[in-house]
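Chains, contacts and geometry: an overview
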Amino acid sequence: MTTDETTEENPAASFGGGAASAETMALLWGTKPAPARGRKPGMTVPAIVASAIAIADAEGLGAVSMRRVADALGVGTMSLYRYLPGKAELFELMLDTVMGEDGPPEPDPAGWRAGLTAFARRSLAGYRRHPWLLAASVSRGMMGPNQTAALDAVLRMVAGIGLTNGQMMAVVGLVVSYVQGRARQLADDTRAEQRSGVSDEQFWRTFAPLLDEHLDAERFPVLAAVWRDDGLSWEDEFEFGLERVLDGIEAFVDKGSGA
């Protein structure tokens, strides 16, 4: 089975985490020399990547193939291989491109906590725009210029607050993992709505009275009390969880500094 056939069944198989490739790094960083011979290129790598991103946004990562992208661009499939070795490299370029949509995260004058809060919020927004990003291996990606700039910017937010280099990476990973978890839950809700044709609001409007009938307050006292409360919106839940993650980091920093 070829690599493209494998990733057609499991598109995440080559979306980060694959074998390191000098050619892929050259593509990501724009250092691959142009062909010295042959016809003048009629397309550009950014145009190919933009088309693939549009397909993934609309239909998911599984819909992206070299043939599908070629069809969208109105060219033959084989012509894409003049620009890219294959789909694995295309996926890496897609990842790095969307990582650079808003530029590197900016530090906040209020300090590292405010900076990480803004970073987490914009990361969640990015996952909501591009849910297919959740299939990427962040820990084993090929690290293009945009991903490198983003990581360096976030690390600078927590530099000089009393953490070791390893702890700085762990802190960034902790925040990213929290955001990914919330983004994955929201993406699951969206997929359920698309599959069923029933919105989240419609589902709960129907389900809530049914559960109320069976949720005996004497048998399930705490759950019944929580369930019948107004609760929090998903945005409030995200902010609450993020604050608790940052509380933990702050407590660790304060403990290390002797405060």
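Reading the values: rules and limits
Residues numbered from 1 in each chain as written. Predicted model: local features only at pLDDT ≥ 70, side-chain atom pairs only at ≥ 80, totals over all residues. Heavy atoms only, no water. Helix = DSSP H or I, 4+ residues; strand = E, 2+ residues; numbered from the N terminus. Buried < 20%, exposed > 50% of the residue type's maximum accessible area, 1.4 Å probe, protein only. Contact = heavy atoms within 4.5 Å. Areas by Shrake-Rupley, 256 points an atom, 1.4 Å probe, with all protein chains shown as cover. Phe/Tyr/Trp six-rings, centres within 6.5 Å; stacked < 30°, edge-to-face > 60°. Lys NZ or Arg CZ within 6 Å of the ring centre and 35° of its normal. Salt bridge = Lys/Arg side-chain N within 4 Å of Asp/Glu carboxyl O. Core = buried A, V, L, I, M, F, W, Y, C linked by side-chain atoms within 4.5 Å. pLDDT = per-residue confidence, 0-100. Expected span 1.5 Å × (residues − 1). Polar contact = N/O pair within 3.5 Å; in protein donor to acceptor, adjacent residues only side chain to side chain. UniProt positions renumbered as here; feature names shortened; annotations may be inferred. Axes fitted to C-alpha atoms, helices over the stretch in contact; angles between N-to-C directions. Parallel < 35°, antiparallel > 145°, perpendicular 65-115°, else oblique. Left-handed = near helix turned anticlockwise from the far one by under 90°.

**Considering the overall build of the protein chain**
When helices and strands are tallied, the protein chain shows twelve helices and zero strands. Scanning the protein chain from its N terminus toward the C terminus, one meets helices and strands in the order α-α-α-α-α-α-α-α-α-α-α-α. The buried share of the protein chain, taken over its 259 residues, is 34%. The contacts of the protein chain with a sequence gap of at least 6 include a subset with a gap of at least 24, amounting to 73%. For the protein chain, the computed accessible surface area is about 15,100 Å², with 56% contributed by carbon and sulfur atoms.

**Some points on the packing of aromatic side chains**
On inspection of all chains with the given rule, the structure shows three aromatic pairs. Ring centres 6.4 Å apart and planes at 75 degrees place the aromatic pair F207 and W227 in the edge-to-face group. On the criterion of sequence distance, the pair formed by F207 in helix α10 (residues 200-214) and W227 in helix α11 (residues 221-227) is long-range, its members being 20 residues apart. Take F207: its relative accessible area is 30%, and that puts it in the partly exposed class. When its relative accessible area of 24% is taken as the criterion, W227 is described as partly exposed. Grouped by ring-pair contacts, the aromatic residues F203, F207 and W227 constitute a single cluster. Its guanidinium or amino end placed over the ring of F240, R244 lies 4.9 Å from that ring's centre, counting from NZ or CZ.

**Notes on the pattern of salt bridges**
Applying the stated criterion to the full structure yields 13 salt bridges. For the salt bridge of R113 with E243, the shortest nitrogen-to-oxygen distance reads 2.8 Å. Of this pair, R113 sits in helix α7 (residues 112-129) while E243 sits in helix α12 (residues 234-257), and the two are 130 residues apart along the sequence. Two residues, E239 and R121, come together in a salt bridge whose shortest N-O distance is 3.0 Å. You can see E239 sitting in helix α12 and its partner R121 sitting in helix α7, a full 118 residues away along the chain. For E239, a relative accessible area of 25% translates into the label partly exposed. Bridged by salt links that share partners, the residues R113, E243, R244, D247 and E250 form one connected network.

**A word on the nonpolar core**
Nonpolar side chains in soluble globular proteins tend to be buried together. The biggest cluster of nonpolar side chains holds 57 residues, and the ones touching the most others in it are V64, L90, M94 and L116. By residue number, the principal contributor to this core is helix α9 (residues 165-196), which donates ten residues.

**Considerations on the confidence of the model for the protein chain**
Confidence in the prediction of the protein chain, expressed as mean pLDDT, is 88, and 86% of residues score 70 or more. Per-element confidence in the protein chain ranges from a low mean pLDDT of 43 for helix α1 (residues 3-9) to a high of 98 for α7. Low confidence marks residues 1-9, where pLDDT is under 50. Its contacts with residues over four positions away, or in another chain, come to eleven contacts.

**Digging into helix α3 (residues 45-59)**
In this model α3 runs 21 Å from its N-terminal to its C-terminal C-alpha over 15 residues, within 8% of the 21 Å that 1.5 Å per residue would give. Taken together, the buried positions of α3 are occupied by I48, V49, S51, A52, I53, I55 and A56. Capping the start of α3, T44 holds a side-chain oxygen 3.2 Å from the backbone nitrogen of A47, two or three residues further along. Positive phi appears at G60, one or two residues downstream of α3, with a value of about 100 degrees.

**Quick look at the UniProt feature "DNA-binding region" (unreviewed entry) in the protein chain**
UniProt marks residues 65-84 with the feature "DNA-binding region" (unreviewed entry), using the numbering shown here. With 60% helix and 0% strand, residues 65-84 has its two end C-alpha atoms placed 12 Å apart.

**Concerning the packing of α7 against helix α8 (residues 145-158)**
Across the interface, α7 lies against α8 with an axial gap of 8 Å and an inter-helix angle of 150 degrees. Our classification of the angle between α7 and α8 gives roughly antiparallel. For α7 against α8, the interelement crossing comes out left-handed. Contacts between α7 and α8 involve W112, G115, L116 and F119 from the former and V154, M157 and V158 from the latter.

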